[in-house]
2 protein chains.
Amino acid sequence: MPDSAQPGVFEALGDPVRRRLMELLAPGEQPAGALVTALQARVHITQPAVSQHLKVLREAGLVRVRAEGTRRLYAVDDAGTAAARAWLARFEDTFAQPLDALATELARGRRDRRRATPEDGTAEAAG
Amino acid sequence: MPDSAQPGVFEALGDPVRRRLMELLAPGEQPAGALVTALQARVHITQPAVSQHLKVLREAGLVRVRAEGTRRLYAVDDAGTAAARAWLARFEDTFAQPLDALATELARGRRDRRRATPEDGTAEAAG
DNA sequence: TCCTTCTATAAGTGAACACTTATGTTATGC
DNA sequence: GCATAACATAAGTGTTCACTTATAGAAGGA
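Residues numbered from 1 in each chain as written. Chains lettered and ligands numbered in written order. Predicted model: local features only at pLDDT ≥ 70, side-chain atom pairs only at ≥ 80, totals over all residues.

**Q** Please give an account of the overall build of chain A that cites residues and values.
**A** Secondary structure summary: chain A contains six helices and three strands in total. Along chain A, from the amino end to the carboxyl end, the secondary structure elements read α-α-β-α-α-β-β-α-α. In chain A, buried positions account for 27% of the 127 residues. Sequence separation of 24 or more characterises 57% of the internal contacts of chain A that already satisfy a separation of 6 or more. (Helix = DSSP H or I, 4+ residues; strand = E, 2+ residues; numbered from the N terminus. Buried ≥ 20, exposed ≤ 12 C-beta atoms within 10 Å, placed from the backbone. Contact = placed C-beta atoms within 7 Å.)

**Q** A description of the protein's contact with DNA strand D should follow, citing residues and the corresponding values.
**A** Residues in contact with DNA strand D amount to 23 residues; listed here are only the nearest, A:Gly33, A:Pro48, A:Ser51, B:Pro48 and B:Ala49. Elements supplying a minimum of two residues to the surface near DNA strand D: helix H3 (32–40), helix H4 (47–59) and strand E3 (71–76) of chain A together with helix H4 (47–59) of chain B. The biggest single contributor to the surface near DNA strand D is H4(A), with six residues. (Near = placed C-beta within 6 Å.)

**Q** Describe the protein's contact with DNA strand C, and please don't skip the residues or the numbers.
**A** Near DNA strand C you find 24 residues, and of these A:Pro48, A:Ala49, B:Gly33, B:Pro48 and B:Ser51 are the closest. Among the secondary structure elements, those contributing two or more residues to the surface near DNA strand C are H4 of chain A together with helix H3 (32–40), H4 and strand E3 (71–76) of chain B. For the surface near DNA strand C, the element with the highest residue contribution is H4(B), accounting for six residues. Across the surface near DNA strand C, the residue classes tally to nine nonpolar, 11 polar and four charged. (Nonpolar A, V, L, I, M, F, W, Y, C, P; charged D, E, K, R; others polar.)

**Q** Give me the pairing of strand E2 (residues 63–68) of chain B: which residues, what numbers.
**A** Pairing geometry for E2(B) and E3(B), over six bridges, is antiparallel. In the strand pairing of E3(B), B:Val65 is matched with B:Tyr74. (Pairing = 2+ DSSP bridges.)

**Q** How would you sum up the environment of A:Gly33? Please name residues and give values.
**A** Residues and elements named next belong to chain A. In this fold, Gly33 is placed in helix H3. Among the residues examined, Gly33 registers 13 C-beta atoms within 10 Å and is labelled partly exposed. For the pair formed by Gly33 and Val56, sequence separation is 23 residues and the distance between their alpha carbons is 17 Å.

**Q** Provide a residue-level description of the environment of B:Ala75, including the pertinent values.
**A** All names here are of chain B. Topologically, Ala75 is positioned in strand E3. When the 15 C-beta atoms within 10 Å are taken as the criterion, Ala75 is described as partly exposed. Taking the C-alpha atoms as reference, Ala75 lies 14 Å from His53; in sequence the two are 22 residues apart. Dropping the residues within four chain positions of it, Ala75 is found in contact with Leu25, Glu29, Val63 and Arg64.

**Q** With reference to specific residues and values, describe helix H5 (residues 78–88) of chain A.
**A** It helps to recall that an α-helix has 3.6 residues per turn; residues three or four apart then point in one direction. For H5(A), the full list of buried residues reads A:Gly80, A:Thr81, A:Ala83, A:Ala84, A:Arg85 and A:Trp87. Of the surrounding elements, those touching the buried residues of H5(A) are helix H1 (9–13) and E3 of chain A together with helix H5 (78–88) of chain B.

**Q** So what's going on with the sheet that holds E2(B)? Which residues, and what values?
**A** Residues and elements named next belong to chain B. Judged by pairing direction, the sheet is antiparallel, and its three strands sit side by side in the order E1-E3-E2 without closing on themselves. Sheet topology places strand E1 (30–31) and E2 at the edges, where each strand pairs with a single neighbour. The pairing of E1 with E3 spans two bridges and is antiparallel. Residue pairing across strands places Gln30 opposite Tyr74, the latter belonging to E3. Against the sheet, helix H2 (residues 16–25) makes contact with E1, E2 and E3, and its axis sits at roughly 90 degrees relative to E3, the strand it touches most. (Axes fitted to C-alpha atoms, helices over the stretch in contact; angles between N-to-C directions.)

**Q** Tell me about the sheet that holds strand E1 (residues 30–31) of chain A, residues and numbers included.
**A** One open sheet accounts for three strands, arranged E1-E3-E2 (chain A); its pairing is antiparallel. The outermost strands of the open sheet, each flanked by one partner alone, are E1 and strand E2 (63–68) of chain A.

**Q** How would you summarise the environment of B:Arg58 if you had to cite specific residues and measurements?
**A** Residue and element names in this part refer to chain B. By the element assignment, Arg58 lies in helix H4. Of the residues examined, Arg58 has 16 C-beta atoms within 10 Å and is grouped as partly exposed. Sequence spacing of Arg58 and Arg20 is 38 residues, and the spatial spacing of their C-alpha atoms is 15 Å. Not counting the four nearest positions on each side in its chain, Arg58 is found in contact with Val63 and Val65.

**Q** Summarise the packing of helix H2 (residues 16–25) of chain A against H3(A); cite the residues concerned and give the values.
**A** All names here are of chain A. For the pair H2 and H3, the least separation of the axes is 11 Å and the interaxial angle reads 120 degrees. When the interaxial angle is binned, H2 and H3 end up oblique. Judged by the sense of rotation from one axis to the other, the crossing of H2 with H3 is right-handed. Residues Val17, Arg20, Leu21 and Leu24 of H2 lie in contact with H3, whose contacting residues are Leu35, Ala38 and Leu39. (Parallel < 35°, antiparallel > 145°, perpendicular 65-115°, else oblique. Left-handed = near helix turned anticlockwise from the far one by under 90°.)

Given below as structure tokens:
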């Protein structure tokens, strides 16, 4: 029974700017520059500030990076979000728990089967 | 599409002491004093500090209080935890989503039926 | 009544943190 | 080679925040 699965997951999500970054990444992979632009459309913030926030999210396992030329493509990492959901699961309604466990099992089975089929290549999560 | 359903939910969960308080409340209702004692068994902390943490959790909708004599009985409030899970749900695996929705629906039905039965006495109205 | 218990609030303080500007690093183009 | 673009890191600073001690308030027992 870990205090909270991944270290720093909830600390990372505690900041509104970082939550907004997660929301911006929810539809799919985004270069760091696009995240900066999107944030600046709403609030005044500089590029280094965003970069530092992304570092926190990275270290918490909430996002992962992929280099493409000079750009850094960020995407949501399931490790962190799953850890957060796992911690919160204990407060779920008692009656919902077995059902969620079932849902998780079924989903895992489907996902594994899908990954075992090397056909659809670069699969993007649809929003 | 709210930034995050309940105001301050993730900010509240960002502190490890407050997460520990939530864990201590997970099994069920606890008086504030018991929470202080339980925390002090692990780390050095004073009663006012715990009281302030509980206030933050209260204002975030993560816990609710019930007065019984001179004691204050704290319990997990579904409003806050559900809000946190709702926000995190958008990062869930695509295939798991419909199943979770089904689970939620079924659980709600069961819960409502249970609440419609005025038998177990001290039923608190959920927000 | 007074006294004790349980909990919340007030006030002050040190540390963590999110921000800024300035600079470094890496890849591409001329 | 040099210049530019995209992003990360360094260094410094103000504010937030979690903590402390001290005190207030409410309920129960003598």
